[in-house]
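# Breakdown of the fold
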Amino acid sequence: MNYLRLNFLILGVLAAACGDKGVDTDGTVTDTTTAEPPGTTTDGSPTTTSTTTDTDGTTAPTTGEPACVDPSVTDIGPAVDVTLRNNGATRLFINLDHFCSPVLPFGLRDANDVEVRIDKDVCENSCDEILSGGCGCPAGCGPSDVLQLEPGGTFFAKWTGRVWTDVTLPAECPGDGCAPECAAATQAPAGTYTVVARAHDAVVDCDDCTCFPEPEGSCVINGGFAMGNEIVGEQEFEYPMHTGLDVVFE
């Protein structure tokens, strides 16, 4: 009898020591320990998962909404210094405005003889203007400026390397009822270009159709329009290797 009581006592101690174990009815031992639920650490606290969302620049990275940003490039260059030189014996005039829009005193053509859009009409709204709701044309035009270039004189101008490109913003982006089409500033690609400057030998529609030249032999007439016989100066260059050139009127 004492042996039986001792056996029951030993079995009771063993059962208490193995509290997380059990015995199936077929005699096999089972593990009754509760597993941690997914998404928790061993101390029961929730785990965190880092999620990233790629974006192609047209949608916001977290919401998927259109990214209403100006696609224009800000880091443009190098710039090209252009010197216009009058080697002829006649005073020349060059228009600095075109239909109310300020323009450079020269144009640019690429290697395929296609005009490069280095100037923008005032009614061609830039993308930052469209985003802020500033679309449309000015209410009126101011006086047109005309460059006067004396015989032997020079005038210094600069092309930044910027060209204008038409783009279409997401329909939700323009402000105050503006259309989504706009002009974005982009970088001119490397290649062969030709500067083309057009001068004339007369100026009209001006109150005082002359100005007092600066030491370099040029000045700007406020008001007027250059016309008459046309003299063309051209110079080819490689961009961006060449950043300075002369365009000569003979």
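Attention in this report is confined to the structure presented alongside it. As the structure is a prediction and not an experimental result, all values here were calculated from the model.

Before going further, it helps to examine the overall build of the protein chain. Helix and strand counts for the protein chain come out as 2 helices and 15 strands. The 250 residues of the protein chain split such that 28% are buried. Restricting to contacts in the protein chain with at least 6 residues of sequence separation, those with at least 24 account for 70%. Accessible surface, the protein chain: about 15,500 Å² in total, of which carbon and sulfur atoms supply 54%.

Attention now goes to the nonpolar core. Leu-84, Trp-159 and Phe-237 are the most contacted members of the largest nonpolar core, which has 26 residues in total. Breaking this core down by element, the ones donating at least two residues are strand S3 (80–86), strand S4 (92–95), strand S8 (145–149), strand S9 (154–159), strand S12 (191–204), strand S14 (225–239) and strand S15 (244–249). Ignoring sequence-local partners within four residues, the contact set of Trp-159 consists of Ala-79, Val-80, Leu-104, Phe-106, Leu-108, Ile-118, Ala-188, Phe-237 and Tyr-239. Residues Phe-93, Val-146, Cys-211 and Ile-221 belong to the second largest nonpolar core, which totals 8 residues.

Another aspect to go through is the packing of aromatic side chains. What describes a pair of aromatic rings is the distance from one ring centre to the other and the angle between the planes of the rings. A full pass over the atoms with the stated rule returns 5 aromatic pairs. Taking the centre distance of 5.1 Å and the plane angle of 50° together, the rings of Trp-159 and Tyr-239 count as tilted. Note that Trp-159 is positioned in strand S9 and Tyr-239 in strand S14, a separation of 80 residues in sequence. Accessibility classification places Trp-159 together with Tyr-239 in one group, the buried group. A centroid spacing of 6.3 Å and a plane angle of 85° characterise the contact between Tyr-193 and Tyr-239, whose relative ring orientation is edge-to-face. Placement of the pair is Tyr-193 in strand S12 and Tyr-239 in strand S14, with a sequence separation of 46 residues. Like Tyr-239, Tyr-193 is buried. A connected cluster of aromatic rings, assembled from ring pairs, spans Trp-159, Tyr-193, Phe-237 and Tyr-239. Taking the ring centre of Trp-164 as reference, the NZ or CZ of Lys-120 above it sits at 5.5 Å.

Applying the stated criterion to the full structure yields 7 disulfides. Each sulfur of the disulfide joining Cys-206 and Cys-209 lies 1.6 Å from the other. The sign of the 110° torsion about the S-S bond sets the Cys-206-Cys-209 disulfide as right-handed.

Looking at the secondary structure, you find Val-103 in the loop between strand S6 (101–102) and strand S7 (107–109). Residues Val-103 and Asp-145, 42 residues apart in the sequence, show an inter-C-alpha distance of 9.8 Å. Those residues in contact with Val-103, other than ones at most four positions away along the chain, are Asn-95, Leu-96, Asp-97, His-98 and Asp-119.

The next point concerns the layout of surface pockets. Taken as a whole, the largest pocket spans an internal volume of roughly 820 Å³. Around the largest pocket sit 34 residues that line it, and His-98, Val-103, Leu-104, Glu-115 and Asp-119 are the ones nearest its centre. For the lining of the largest pocket, the secondary structure elements donating two or more residues are S4, strand S5 (97–98), S7, S12 and S14. Counting residues per element, the lining of the largest pocket draws most heavily on S12, at 4 residues. Classifying every residue of the lining of the largest pocket gives 15 nonpolar, 8 polar and 11 charged.

The subject of this paragraph is unusual backbone geometry. Residue Pro-78 is reached from Gly-77 by a cis peptide bond, and omega for that bond is 5°. For Pro-78, the location among the structural elements is in the loop between strand S2 (29–31) and S3. At Phe-99, a position not held by glycine, the phi torsion is positive, near 50°. Residue position: Phe-99 is located in the loop between S5 and S6. Of note, the phi angle at Asp-205 is positive, near 60°, even though the residue is not glycine. Note that Asp-205 resides in the loop between S12 and strand S13 (218–222). Among the residues examined, Asp-205 registers a relative accessible area of 67% and is labelled exposed.

The rules behind these values
Position labels on residues start from 1 in each chain and follow its written sequence. For this predicted model, a pLDDT threshold of at least 70 governs which residues receive local features, and a threshold of 80 or more governs which side-chain atom pairs are given and counted, while totals over whole chains, interfaces and linings are taken from all residues. Side-chain descriptors were evaluated using all non-hydrogen atoms of the structure, hydrogens and water having been removed beforehand. A helix here means a DSSP run of H or I that spans at least four residues, while a strand means a run of E at least two residues long, and both kinds are numbered starting from the N terminus. When accessible area is computed with a 1.4 Å probe and restricted to protein chains, residues below 20% of their type maximum are described as buried, those above 50% as exposed, and intermediate ones as partly exposed. Contacts: residue pairs with any heavy atoms within 4.5 Å of one another. Residue-level accessible areas treat just the shown protein chains as cover; the underlying method is Shrake-Rupley with a 1.4 Å probe. Here, nonpolar core means buried Ala, Val, Leu, Ile, Met, Phe, Trp, Tyr and Cys residues that are tied together by side-chain atoms lying within 4.5 Å of each other. Pairing of aromatic side chains here covers Phe, Tyr and the six-membered ring of Trp, requires ring centres within 6.5 Å, and sorts the geometry by plane angle: under 30 degrees stacked, over 60 edge-to-face, intermediate tilted. Distance and angle both matter: a charge sits over a ring if NZ of Lys or CZ of Arg is within 6 Å of the ring centre and within 35 degrees of the ring normal. The disulfide criterion used throughout: a pair of cysteine sulfur atoms within 2.5 Å. In this analysis a 1.4 Å probe is tested at points of a 1 Å grid over the protein atoms alone, and where it fits but cannot get out there is a cavity; an open set with protein on both sides within 12 Å along at least five of seven lines is a pocket; lining residues have an atom within 4 Å of a point. Grid points are joined across faces, edges and corners, and a volume is the space filled by probe spheres set on the points. Under the grouping applied here, Gly and all other residues not named as nonpolar or charged are polar, the nonpolar ones being Ala, Val, Leu, Ile, Met, Phe, Trp, Tyr, Cys and Pro and the charged ones Asp, Glu, Lys and Arg.

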